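Residue-level structural notes
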Amino acid sequence: QVQLMESGGGLVQAGGSLELSCVLSGNLYSIYIMHWYRQAPGKERELVARVNFVGAKHYEDSVKGRFTIVRDNSKSTVSLQMNSLKPEDTAVYYCNAQNRYTGKDYWGEGTLVTVSS
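To start, this report covers the structure provided alongside it. (Residues numbered from 1 in each chain as written. Predicted model: local features only at pLDDT ≥ 70, side-chain atom pairs only at ≥ 80, totals over all residues. Heavy atoms only, no water.)

**Remarks on the overall build of the protein**
Assigned secondary structure in the protein consists of zero helices and 11 strands. Helices (α) and strands (β) of the protein occur, in sequence order from the N terminus, as β-β-β-β-β-β-β-β-β-β-β. Scaling as 2.2 N^0.38, a compact globule of 117 residues should have a C-alpha radius of gyration of about 13 Å, and the protein matches this with 13 Å. Viewed in the frame of its principal axes, the protein has a C-alpha envelope of about 40 × 25 × 20 Å. Residues counted as buried form 40% of the 117 residues belonging to the protein. Within the protein, contacts between residues at least 6 apart in sequence are counted, and of these 54% link residues at least 24 apart. (Helix = DSSP H or I, 4+ residues; strand = E, 2+ residues; numbered from the N terminus. Rg over C-alpha atoms; globule rule 2.2 N^0.38 Å. Buried < 20%, exposed > 50% of the residue type's maximum accessible area, 1.4 Å probe, protein only. Contact = heavy atoms within 4.5 Å.)

**A look at the state of the cysteines**
For the coordinates displayed, the defined rule picks out one disulfide. In this model, Cys 22 is linked to Cys 95 through a disulfide, with the two sulfur atoms separated by 2.1 Å. Here Cys 22 and Cys 95 share a disulfide; its torsion about the S-S bond, -80°, makes the bridge left-handed. Of this pair, Cys 22 sits in strand β3 (residues 18–25) while Cys 95 sits in strand β9 (residues 91–99), placing them 73 residues apart in sequence. Each member of the pair Cys 22 and Cys 95 is classed as buried. (Disulfide = S-S within 2.5 Å.)

Here it is in structure tokens:
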């Protein structure tokens, strides 16, 4: 059974930085495309960034140039370095692993990021 464990959320002032981390256990890390999603209060969950096994990355437009997703295949981890944070980045951030062969998704429990103005 695949399990995802996130860490690193918290409260930060606008303009500050946070790093989120996620570790996958229970299966072969290489078969998963790793994502970070977020869900703000009253809004739908949205993709923030993703990275595949060979390191190809994609970012949502509003975070380009501010957020960096990094995958460490040797440790089965994915991190999200968030810089120049804005109040509109406030959300619960979720780590997601998608099996690149079956499309099956696995989710972490989420970690809250609050950016104060």
